[in-house]
Amino acid sequence: MSVPLTMLGLLEREPSHGYELKRDYDAYFGRDRPLPFGQVYATLARLARDGKVIAGGAEPGAGPERKRYVITEAGATEVETWLAEPTEPEPHLQTVLFTKVVLAQMLGHPADRYLDTQRTAHLARMRELTELKRGGDLLDVLRADYGLFHLEADLRWIEMTAARLDALAKEVRR
Amino acid sequence: MTAAGAGTPVPAPPMIEARDVVKSFGHTPALRQASVSVRAGEILAVMGPSGSGKSTLLHCLAGIFTPDRGEIRFDGRRLDTLSEPQRTKLRRTAFGFVFQFGQLVPELTAADNVALPLLLDRVKRKDAYEKAAAWLDRLQLKGLGGRRTGELSGGEAQRVALARALVIRPRVLFADEPTGSLDSLSGEMVMDLMVALAREEETTVVLVTHEARVAACTDREILVRDGRVFDPRAAEVGR
């Protein structure tokens, strides 16, 4: 699941309070499914326990939680590694592909290189499915076709997005 | 080129290669130092968006366009420095071509179309038509040799075009969006036959396509973007 990594990515952009993180997450990545506050704080606690973020001291003010969270070197490395590596090509990747591209552009990481790597991974998987069709019966062919058409749809999205990276950078960078 | 000493293994040169090719049309650059190397027997997909330069790269590799700068090599020898008649002969004898549209001669039958390259190469009429029939058979077009182009479906016409490209047993087959005007099933049949026959004949294939499912039938892909070549293998090495 990419929620903890996405939150880490947002923290790499700038140190944030929990409620700011939720607000930014929902604005960019959670328009369909906003993040519950409980999950935000539980995730932050786990990230702090694992040494990927540091919680600053409590700040005065109303509200239950006024700590500011800062990403650590280990956390930043984890985000960088995650953004650079292709995702296992399978149908219905929209959320992960979308999140990685937006986050990469937001942080000034090379989103085009990520898309290239992802394209290569997708085509490698499509070659495996094509090979499966060559040696398989009609049922194998139908199953492989299903995967091929979905991966092809991902690739069309990848091409469109590659052509829109400059515009995206303007939209999400501060 | 010098001969290697006895017993020294010499790696085979690439079958077809572009080195830092630059090509412009007027003031519009189409290729900017594009390089690609295709091994003998390899099936390469050239992918990229419309207008990226992928068809120009194919035309340069096939000796149809002459690069402004850079080199094209076929089987280790310069191709771009040959005279136009020499290149024309090479294209007729060593290269096969399949395009997206309008490649068959409409006044002729399927068999005539396939026999045509052989007849132009002064092969005896009887032999040419026997070979044409055999190739139509290999492309699962048995019995359709007497039909004119207008009487063929899109997929059948494209398989006739493939037969005509392969009948001279080319060293390299150049295909530019060969399934671009076909429905999915007909396109799949064309690709399956193209790949199977190229493997049997050990023909090198350079295939331009913007369709990922078509590219997935090949051994590997390169991407042309804004006149430059992105090769995922090179990117892997560079990481």
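Basis of the calculations
- Residues numbered from 1 in each chain as written.
- Chains lettered and ligands numbered in written order.
- Predicted model: local features only at pLDDT ≥ 70, side-chain atom pairs only at ≥ 80, totals over all residues.
- Helix = DSSP H or I, 4+ residues; strand = E, 2+ residues; numbered from the N terminus.
- Rg over C-alpha atoms; globule rule 2.2 N^0.38 Å.
- Contact = placed C-beta atoms within 7 Å.
- Nonpolar A, V, L, I, M, F, W, Y, C, P; charged D, E, K, R; others polar.
- Pairing = 2+ DSSP bridges.
- Expected span 1.5 Å × (residues − 1).
- Buried ≥ 20, exposed ≤ 12 C-beta atoms within 10 Å, placed from the backbone.
- Arc of directions from axis to C-beta.
- Core = buried A, V, L, I, M, F, W, Y, C linked by C-beta atoms within 7 Å.
- Axes fitted to C-alpha atoms, helices over the stretch in contact; angles between N-to-C directions.
- Parallel < 35°, antiparallel > 145°, perpendicular 65-115°, else oblique.
- Domains from an automatic or database assignment.

When you look at the overall build of chain B in this model, what are you seeing that I'm missing?
Secondary structure summary: chain B contains eight helices and ten strands in total. A compact globule built from 239 residues should have a C-alpha radius of gyration of about 18 Å, and chain B, at 18 Å, falls within 12% of that. Dimensions of chain B, computed from C-alpha atoms along their principal axes, come out at roughly 50 × 45 × 40 Å. Once local pairs closer than 6 in sequence are excluded, the contacts in chain B between residues at least 24 apart make up 71%.

Please explain the interface of chain A and chain B as it appears in this structure.
Often the size quoted for an interface is simply the accessible area lost on bringing the parts together. Listed per partner, the contact involves ten residues of chain A and ten residues of chain B. If you list the elements that add at least two residues to the side of chain A that touches chain B, you get α6 (111-135) and α7 (138-163) of chain A. At six residues, α6 of chain A tops the list of elements feeding residues into the side of chain A that touches chain B. Residues that form the side of chain A that touches chain B fall into these classes: four nonpolar, two polar and four charged.

Any chance you could explain the sheet that holds strand β2 (residues 28-38) of chain B here in plain terms?
Sheet strands line up and pair through hydrogen bonds in the backbone, either parallel or antiparallel. Residues and elements named next belong to chain B. Pairing in this open sheet of four strands is antiparallel, and the strands run β2-β1-β4-β5 from one edge to the other. Only two strands of the sheet have a single neighbouring strand rather than two, namely β2 and β5 (77-78). Pairing analysis gives two bridges linking strand β4 (residues 69-74) to β5, with the strands arranged antiparallel. The partner of Arg73 across the bridge, within β5, is Arg78.

Where do I start with helix α4 (residues 125-138) of chain B in this structure?
Residues spaced three or four apart along an α-helix point in a common direction, a consequence of the helix completing one turn every 3.6 residues. Residue and element names in this part refer to chain B. In this model, α4 (14 residues) spans 20 Å end to end at C-alpha, consistent with the 20 Å of a helix rising 1.5 Å per residue. Listed in full, the buried residues belonging to α4 are Ala128, Ala132, Trp135 and Leu136. Burial along α4 is one-sided: seen end-on, the buried residues are contained in an arc of 100°. Opposite the buried face of α4, by more than 90 degrees, sit the exposed residues Lys126 and Asp127. Where α4 is buried, its residues meet α3 (110-120) and α5 (154-166). Where α4 ends, the next residue or the one after it, Gln140, has phi of about 55°, a positive value.

What should I look at first to understand the nonpolar core in this one?
Nonpolar side chains tend toward joint burial in soluble globular proteins. Within the largest apolar cluster, 73 residues are counted, with the highest numbers of intra-cluster contacts made by Val46, Val114 and Val206 of chain B. Take this core: its biggest share by element is seven residues, from α5 of chain B. By size, the runner-up hydrophobic cluster in this structure holds 25 residues, among which are Tyr25, Leu44, Tyr69 and Leu103 of chain A.

Looking at this structure, I do not really get the environment of Ile64 of chain B. What am I missing?
Here Ile64 of chain B is to be found in the loop between α1 (54-61) and β4. Linking Ile64 of chain B and Leu31 of chain B, residues 33 residues apart in sequence, is a C-alpha distance of 15 Å.

What's the story with unusual backbone geometry in this structure? I'm lost.
A negative phi angle characterises most non-glycine residues, just as the trans form characterises most peptide bonds. All names here are of chain B. One non-glycine residue, Gln33, lies in the positive phi region at around 55°. Summarising the element assignment, Gln33 is placed in strand β2. Residues other than glycine seldom take positive phi values, yet Asp226 does so here, at roughly 55°. Of note, Asp226 is situated in the loop between β9 (220-225) and β10 (228-230).

I keep staring at the packing of helix α1 (residues 3-13) of chain A against helix α2 (residues 18-28) of chain A and nothing clicks. Help me out?
Each pair of packed helices gets described by two things: the angle between the helix axes and the distance between those axes. Residue and element names in this part refer to chain A. Two numbers describe how α1 lies on α2: the axes approach to 10 Å, and their chain directions differ by 110°. The orientation of α1 with respect to α2, classified from their angle, is roughly perpendicular. The residues of α2 that touch α1, namely those facing Thr6, Met7 and Leu10, are Leu21, Asp24 and Tyr25. Among the residues making up the contact of α1 with α2, the classes are represented as four nonpolar, one polar and one charged.

I keep staring at the domain arrangement of chain A and nothing clicks. Help me out?
All names here are of chain A. With domains assigned, chain A is organised as domain 1 (1-79) and domain 2 (85-174). Just the C-alpha atoms count here: the centres of domain 1 and domain 2 sit 27 Å apart. Looking at the side of domain 1 that touches domain 2, the element that brings in the most residues is α1, giving four residues. Partitioned by chemical class, the residues of the side of domain 1 that touches domain 2 number two nonpolar, three polar and two charged.

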